[in-house]
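Breakdown of the fold
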Amino acid sequence: MINVTVWNENRHEQKSEKVRSVYPEGIHGAIASFLGEESFNVRTAVLDDEQHGLTDEVLDSTDVLLWWGHIAHDEVSDDVVGKVKQRVLDGMGLIVLHSGHFSKIFKELMGTSCDLKWREADEKERIWIVDPSHPITAGLGEYIELEKEEMYGEHFDIPAPDQLVMVSWFEGGEVFRSGCTYQRGNGKIFYFRPGHETYPTYYNKEVQHVIINAVRWAKPVERSRPLYGNAKPLEEIKGSN
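Criteria and cut-off values
- Residues numbered from 1 in each chain as written.
- Predicted model: local features only at pLDDT ≥ 70, side-chain atom pairs only at ≥ 80, totals over all residues.
- Heavy atoms only, no water.
- Helix = DSSP H or I, 4+ residues; strand = E, 2+ residues; numbered from the N terminus.
- Expected span 1.5 Å × (residues − 1).
- Buried < 20%, exposed > 50% of the residue type's maximum accessible area, 1.4 Å probe, protein only.
- Pairing = 2+ DSSP bridges.
- Axes fitted to C-alpha atoms, helices over the stretch in contact; angles between N-to-C directions.
- Salt bridge = Lys/Arg side-chain N within 4 Å of Asp/Glu carboxyl O.
- UniProt positions renumbered as here; feature names shortened; annotations may be inferred.
- Core = buried A, V, L, I, M, F, W, Y, C linked by side-chain atoms within 4.5 Å.
- Contact = heavy atoms within 4.5 Å.
- Arc of directions from axis to C-beta.
- Polar contact = N/O pair within 3.5 Å; in protein donor to acceptor, adjacent residues only side chain to side chain.
- Patch = residues over 30% accessible without salt bridge, like charges linked within 9 Å, V, L, I, M, F, W, Y side chains within 5 Å.
- Areas by Shrake-Rupley, 256 points an atom, 1.4 Å probe, with all protein chains shown as cover.

Here helix 7 (residues 205–218) contains 14 residues, and its C-alpha end-to-end distance of 20 Å stays within 8% of the 20 Å for a straight helix at 1.5 Å per residue. Most of helix 7 sits inside the fold, with 10 of its 14 residues counted as buried. Listed as buried for helix 7 are Val207, Gln208, Val210, Ile211, Ile212, Asn213, Ala214, Val215, Trp217 and Ala218.

A separate point is the pairing of strand 4 (residues 93–97). With 5 of 5 residues buried, strand 4 is to be regarded as a mostly interior element. Alternating positions in strand 4 separate into two faces, Gly93, Ile95 and Leu97 on one and Leu94 and Val96 on the other, with burial throughout. The pairing of strand 3 (residues 64–68) with strand 4 spans 5 bridges and is parallel. Within strand 4, the residue paired with Trp67 across the bridge is Val96. Judged from the 4 bridges that link them, strand 4 and strand 9 (residues 187–192) form a sheet pairing that is parallel. The partner of Leu97 across the bridge, within strand 9, is Phe192.

Another aspect to go through is the sheet that holds strand 6 (residues 143–153). Two strands in a sheet stick together by hydrogen bonds in their backbones, pointing the same way (parallel) or opposite ways (antiparallel). Spatially, 2-1-3-4-9-8-7-5-6 is the arrangement adopted by the 9 strands of the open sheet, whose pairing is mixed. At either margin of the open sheet sits one strand with a lone partner, and together these are strand 2 (40–46) and strand 6. The sheet shows a mean angle of 25° between the axes of neighbouring strands, direction not considered. Where strand 8 (residues 175–184) meets strand 9, 6 bridges bridge the pair, whose relative direction is antiparallel. Bridge pairing in strand 9 places Gly179 opposite Phe192.

That bond from Glu154 to His155 is cis: its omega, 15°, falls within 30 degrees of zero. Along the chain, His155 falls in the loop between strand 6 and strand 7 (163–170). Here Asn10, not a glycine, exhibits a phi torsion of approximately 60°, which is positive. Position of Asn10 among the secondary structure elements: in the loop between strand 1 (2–8) and helix 1 (12–15).

For the rest of this paragraph, the subject is the pattern of salt bridges. The tally for this structure, following the rule as stated, stands at 15 salt bridges. For Asp78, the salt bridge identified is with Lys104, shortest N-O distance 2.8 Å. Of the two residues, Asp78 sits in helix 5 (residues 78–90) while Lys104 sits in helix 6 (residues 104–110), which places them 26 residues apart along the sequence. Residue class for Lys104 comes out partly exposed when judged on its relative accessible area of 23%.

Mapped onto this numbering, the UniProt entry annotates "domain: ThuA-like" (unreviewed entry) at residues 3–218. Annotated as residues 3–218, this span is 28% helix and 33% strand, and its ends, taken at the C-alpha atoms, are 11 Å apart.

Across soluble globular proteins, you tend to see nonpolar side chains buried next to one another. In this structure, Leu35 and Leu66 are the most contacted members of the largest nonpolar core, which totals 36 residues. Top contributing element to this core by residue count: helix 7, with 8 residues. Not counting chain neighbours up to four residues away, the residues in contact with Leu35 comprise Val4, Val6, Phe40, Val42, Leu66, Ile211, Ile212 and Val215. Membership of the second largest hydrophobic core comes to 33 residues, among which are Ala72, Val76, Val88 and Phe156.

The next point concerns helix 5. The first and last C-alpha atoms of helix 5 sit 18 Å apart over 13 residues, in line with the 18 Å expected at 1.5 Å per residue. What helix 5 keeps buried is the set Val80, Val81, Val84, Arg87 and Val88. On an axial view of helix 5, the arc spanned by its buried residues comes to 125°, and they lie on one face. Buried residues along helix 5 sit against helix 4 (56–60), strand 3, strand 4, helix 6, strand 8 and strand 9. The opening residue of helix 5 is Ser77, an N-cap whose side-chain oxygen sits 3.1 Å from the backbone nitrogen of Asp79. Positive phi appears at Gly91, one or two residues downstream of helix 5, with a value of about 130°.

A surface patch of nonpolar side chains, about 330 Å² in accessible area, is lined by Trp128, Val130, Tyr143 and Leu164. Within the secondary structure layout, Val130 lies in the loop between strand 5 (117–129) and strand 6. Relative accessible area serves as the criterion here: at 42%, Val130 is assigned to the partly exposed category.

This is the structure in structure tokens:
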């Protein structure tokens, strides 16, 4: 069974009745609900929990961590960010959602500003599948269409993805690299663009399907981790003293 932790800063839900009306159980609750219908062991954590809900015990037992944040990135402890980063390097999967592109952990792992263009105009988004062979796209058609979403536009200041899985087109004309995978150390990372807090995006079955696929893809590989540091030779080194 895959152990999944869904992390959400959970601030919009406290401040905005509009957001609460869309996600009465919080964005984390909505995501955990559909993940819980799969063969996953799911728990949630939010910013105001002790250590943001990401204690050593939680992180050590998490196979895949999902991250949604927006207005409180700076409130995330650098110490917790460092622990999450190390867990990714050790093999934990990380799925960064929507405005999580500006989170401390994503910027730390990317090494760039992760900045972009944006606009809220209730416009159509069409997410094109550009890598139909990728496991994250299994069971999907040629594209996912969302009636209303926030626009993100290029240039998206990220490193070139290891695999570009999806590209979005918006009604206003912009395009955006909306499904990107990376490998960092022993861990796998997936950035998935849609999910603005005032739209019911996480109730969309195709969006849910992508996230479910991504959890299965990002889970740690079942193998011993590589050893690092000073190493004894496997063979006799002739001529050594």
